[in-house]
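Structural characterization, general
So the chains spell out like this:
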Amino acid sequence: MAVTIYTFLGGVSLSAFRMKKLNQALQGGVLQQAEHVYVVESSEPLTPQQIDQIEKLLHAKQQALPFSEKHALIFPRIGTISPWSTKATDIFHHCDLAQVNRVEAGQCFTFEQACLNTPLALYDRMTEQVMTSADQLPQLFDHAAPQPLTRIELTNGKETLAELNQSMGLALSEDEIDYLFDAYQKAGKSPTDAELMMFAQANSEHCRHKIFNAEWTIDSEVMPLSLFKMIKNTEAKTQAPAKSAYKDNAAVFAGGEGQRLINGNDTATYTYEPQQIDVLIKVETHNHPTGIEPFAGAATGSGGEIRDEAATGQGAKPKAGLCGFSVSHLHIPGAEQPWEKSSPGTPSRMATAFEIMQKGPIGAAAFNNEFGRPNICGYFRNFEMPAGDAQWRGYHKPIMLAGGLGNINAIHVTKQDTQTGDYVVILGGPAMLIGLGGGAASSITSADGQEDLDFASVQRGNPEMERRCQEVIDRCWQQKTESPIRSIHDIGAGGLSNAIPEILDDAAKGGDIELRRLQIDHVSMSPMEIWCNESQERYVLSIKPEKLEAFKSLCARERCPYAIMGRATAERHLKVSDELLGEAPVDIPMDLLFGNTPKTSIVIDRKAPQTQAFENHVKDLKTSVEQVLSFPAVASKKYLITIGDRTVSGMIHRDQMVGPWQVPVADCGITLRDYDGLAGEAMSVGERTPVALIN
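Residues numbered from 1 in each chain as written. Predicted model: local features only at pLDDT ≥ 70, side-chain atom pairs only at ≥ 80, totals over all residues. Heavy atoms only, no water.

Details of the overall build of the chain
Tallying secondary structure elements over the chain gives 20 helices and 28 strands in all. Taking 26 Å as the expected radius of gyration for a compact globule of 695 residues, we find that the chain reaches 26 Å, a close match to that expectation. Its C-alpha atoms put the chain at 75 × 70 × 65 Å along the principal axes. For the chain, the proportion of its 695 residues judged to be buried stands at 51%. Excluding contacts between residues fewer than 6 apart, the proportion of contacts in the chain whose partners are at least 24 apart in sequence is 78%. For the chain, the exposed surface amounts to about 32,100 Å²; the carbon and sulfur share of it is 53%. In the chain, the 63 positive side-chain charges and the 86 negative ones have mean positions that sit 5 Å from each other. (Helix = DSSP H or I, 4+ residues; strand = E, 2+ residues; numbered from the N terminus. Rg over C-alpha atoms; globule rule 2.2 N^0.38 Å. Buried < 20%, exposed > 50% of the residue type's maximum accessible area, 1.4 Å probe, protein only. Contact = heavy atoms within 4.5 Å. Areas by Shrake-Rupley, 256 points an atom, 1.4 Å probe, with all protein chains shown as cover. Lys, Arg positive; Asp, Glu negative; His and termini not counted. Charge placed at Lys NZ, Arg CZ, Asp CG, Glu CD.)

Here it is, written out as structure tokens:
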């Protein structure tokens, strides 16, 4: 395909304050300026009028970019598409610039003197890279030939699977390797790379909670409850059990009568309607991606939790969020504290605790803000200490906690079973080469992972696309029993390879799927990469056949992409075809994927914790008080609160700030059920994880 590349130079990209901070980090004051740059790919030459229109849209001038030793040009990593690009390209198309295939943004840094090696402080190597010549710019748009499907011959027996387990980062146990080998021998076929990656994601610790469901033997005594059963035990013993718990994307408990503002018809008018408004709640973590790339990891952690709420039952509406972080000691440069005298250091591929707390909270707040959900609860813990025998306990791999509550119509709490012939539809953004193997990557010890696999498993957030999806979901559930949606799941770890089989398996169905019906933004992706990538802001839905046209019109109204991937089948067999390559990347019985995989058994012996009696090294009260109040877990959290919106939607009754001086000391967040009544919901969060080191 013949394309033309245009480049534009924009205005200043960093404020004087940020330039000063950056020069301090570079320890030399070497930067003169930073400017926006843009690259536009067009399917045909642009007219002078069109170029003028683009200049106005970008506030930039068309000109060649200054590639030289005094300049560093930073762009998104090849193989990724920035959320900015998705939104900007969409705006171009709505401005009658349909010939623009894509527009991408970067930054141009100008140095005082020649700089042969671009400092790492200027860019995030997880999401960005340096380009040194104009010849590299077309690579941003990637029109390479599609990569082939790989079939794996098991001529060397289980050793082949064991080698792939390491090289592909599948995180399979020896028992699972045995199970897979025997299953394929019985089926008389060779596995594909797409099938192996799909099995790894669907059966990862992240998705199956194998450790939490494991049978534990401690000091030769079999424990009566698994970790998961211990967690479920609390809900089982409550006097008012949840309507839905531990079986959907979020839990639901009874709410009450209220007035919901809805627009469930073809007109543009909103009306109040009395409903039984139930409450949904969800909390999850996004630790591994946040430890590798804090901003994107925390952003997609919050975004994934929002999707879980929306994909509850037959469709729901998120309302308010919470966010939390556990990290090791901060070791702030130039402000070392007495409790930070020694440290085990941080692996090079992991962000430091200080970097995580600089970028992670902003990532989570940015996603919540741009999606339009207030964040009204949270916690922050810093902890790190030696534990004897040259061991340390801490949070170099952080905890990034994302949670929240929302509302759902009582008639939509339970998913309907997908029926034979239902359409399997993907709602949301395109497939991109990001977040590959994240379910497995987050299931292994950080020290065991390979750095390039860590790069591949981090996602990129696009809250504006998620908002479009939410508007479509809202329009569906507002139709009550006439909703086009029969069942819905969000697409997270494992991508389509986890979500599509899940929605089919819920109803004991199979599926006939065509891979190339998906919007694919990187045509060079292999079938495995298309099937298994974790591109964000996507949902899989089973749509009633008679409601398909109505669903399409809703998507068109909200400008939300969708793809009709195929249909559910009565036979419990999953076939994924690739009409472009003429192959079937996946062709297996559903039982192979969700069959009786080996149950995890864990045998351990207790070790008495090595404890030391408390010894107070500070003798005067003033110093003690100052140190306690300076400890980040104790100190004010205002800087983590004011970065996020706390009132959007008009349904927040109590946020973190209290009293006339707005002190952040609220014990809980409180939301309203509707705009008229006095009923609502309260949520709070707390933790005491270091206690586990003693008991």
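Having put the structure on the table, let's press on.
Here we look at the pattern of salt bridges
Taken as a whole and judged by the stated rule, the model has 37 salt bridges. In this structure, Glu-558 and Arg-475 form a salt bridge, with 3.7 Å as the shortest nitrogen-oxygen distance. In this pair, Glu-558 sits in the loop between helix H17 (548-557) and strand S20 (562-569) while Arg-475 sits in helix H14 (residues 463-477), placing the two residues 83 residues apart along the sequence. Both residues of the pair, Glu-558 and Arg-475, belong to the buried class. Across the salt bridge formed by Asp-578 and Arg-516, the nearest N and O atoms sit 2.8 Å from each other. Of the two residues, Asp-578 is situated in strand S21 (residues 573-578) and Arg-516 in the loop between strand S18 (510-514) and helix H16 (527-532); the sequence distance between them amounts to 62 residues. Overall, the relative accessible area of 2% leaves Asp-578 in the buried class. Overall, the relative accessible area of 16% leaves Arg-516 in the buried class. (Salt bridge = Lys/Arg side-chain N within 4 Å of Asp/Glu carboxyl O.)

Looking at the sheet that holds strand S11 (residues 317-327)
Reading across from one edge, S9-S10-S15-S11-S12 is the order of the five strands in this open sheet, with mixed pairing throughout. Because the sheet does not close on itself, it has two edges, and the strands there are strand S9 (251-262) and strand S12 (375-382). If you compare each strand with its neighbour and ignore which way they point, the axes differ by 20° on average. Across nine bridges, S11 lies against strand S15 (residues 399-409) in antiparallel orientation. Paired with Ser-326 across the two strands is Ile-399, which belongs to S15. In the packing of helix H11 (residues 353-371) onto the sheet, contacts are made with S11, S12 and S15, and the angle to S11 comes to roughly 180°. Contacts between H14 and the sheet are confined to S9 and S11, with S11 contributing the most and set at about 140° to the helix. (Pairing = 2+ DSSP bridges. Axes fitted to C-alpha atoms, helices over the stretch in contact; angles between N-to-C directions.)

A word on helix H3 (residues 83-94)
Under the 1.5 Å per step criterion, the end-to-end length of H3 is 17 Å for 12 residues, consistent within 8% with the ideal 16 Å. All buried positions along H3 are accounted for by Ser-85, Thr-86, Ala-88, Thr-89 and Phe-92. Buried-residue contacts for H3 involve helix H2 (48-58), strand S5 (100-111) and H14. Positioned one or two residues after H3, Asp-96 has a phi angle of 65°, which is positive. (Expected span 1.5 Å × (residues − 1).)

Section: empty space enclosed by the protein
The tally for this structure, following the rule as stated, stands at two cavities of 30 Å³ or more. Counted as a void, the largest cavity has a volume near 90 Å³. Looking at side-chain class alone, the lining of the largest cavity contains five nonpolar, five polar and two charged residues. One number sums up the size of the second largest cavity: a volume of about 40 Å³. In terms of lining, the second largest cavity is formed by Ile-426, Gly-428, Gly-429, Leu-518, Gln-519, Pro-561, Tyr-562 and Ala-563. Those elements that provide at least two residues to the lining of the second largest cavity are strand S16 (423-428) and S20. Residue composition of the lining of the second largest cavity, grouped by class: five nonpolar, three polar and no charged. (1 Å grid on protein atoms, 1.4 Å probe; cavity = no way out; pocket = protein on both sides within 12 Å on 5 of 7 lines; lining within 4 Å. Points joined across faces, edges and corners; volume = space filled by probe spheres on them. Nonpolar A, V, L, I, M, F, W, Y, C, P; charged D, E, K, R; others polar.)

A word on the state of the cysteines
All told, the structure shown has zero disulfides when counted by the stated rule. Free of any disulfide, Cys-476 has its nearest cysteine sulfur in Cys-555, 7.2 Å distant. In this model Cys-560 remains outside any disulfide bridge; the closest cysteine sulfur is found in Cys-469, 3.7 Å from its own. Judged by relative accessible area, which is 4%, Cys-560 ranks as buried. (Disulfide = S-S within 2.5 Å.)

A word on helix H1 (residues 16-26)
Each α-helix turn comprises 3.6 residues. Residues three or four places apart therefore point the same way. Listing the buried residues of H1 in full gives Met-19, Leu-22, Asn-23 and Leu-26. Along the long axis of H1, the arc covered by the buried residues comes to 100°, so they all point the same way. Within H1, the exposed residues directed more than 90 degrees away from the buried face are Phe-17 and Lys-20. Looking at the buried side of H1, the elements it contacts are strand S2 (31-42) and S5. (Arc of directions from axis to C-beta.)

Thoughts on the packing of aromatic side chains
Summed over the entire model, instances satisfying the criterion amount to six aromatic pairs. Aromatic side chains Trp-339 and Phe-631 sit 5.0 Å apart centroid to centroid with 70° between the ring planes, which places their arrangement in the edge-to-face category. Of this pair, Trp-339 sits in the loop between S11 and H11 while Phe-631 sits in the loop between helix H19 (621-630) and helix H20 (638-641), and the two are 292 residues apart along the sequence. Pairwise contacts between aromatic rings join Phe-212, Phe-228 and Tyr-246 into one cluster. The side chain of Arg-467 reaches across the aromatic face of Phe-371, ending 4.2 Å from its centre. Over the aromatic face of Tyr-423 sits the side chain of Arg-567, whose NZ or CZ is 4.1 Å from the ring centroid. (Phe/Tyr/Trp six-rings, centres within 6.5 Å; stacked < 30°, edge-to-face > 60°. Lys NZ or Arg CZ within 6 Å of the ring centre and 35° of its normal.)

Notes on the packing of H11 against H14
Running from N to C, H11 and H14 point in directions that differ by 40°, and their axes come no closer than 8 Å. It follows from the interaxial angle that H11 and H14 lie oblique. Taken as a pair, H11 and H14 cross one another with a handedness that is right-handed. In contact with Phe-367, Glu-370 and Phe-371 of H11, H14 contributes Pro-463, Glu-466, Arg-467 and Gln-470. Grouping the constituent residues of the contact of H11 with H14 by class yields three nonpolar, one polar and three charged. (Parallel < 35°, antiparallel > 145°, perpendicular 65-115°, else oblique. Left-handed = near helix turned anticlockwise from the far one by under 90°.)

Considering the pairing of S12
Counted residue by residue, S12 has seven buried out of eight residues, so it is predominantly covered. In this sheet, S12 lies alongside S11 in parallel orientation, the contact comprising seven bridges. When the sheet's bridge partners are listed, Gly-324 is paired in S12 with Tyr-379. Between the parallel elements S11 and S12, the chain passes through H11 in a crossover that is right-handed. (Right-handed = clockwise from strand over helix to strand, strands pointing away.)

Shape descriptors only; they carry no functional weight alone.
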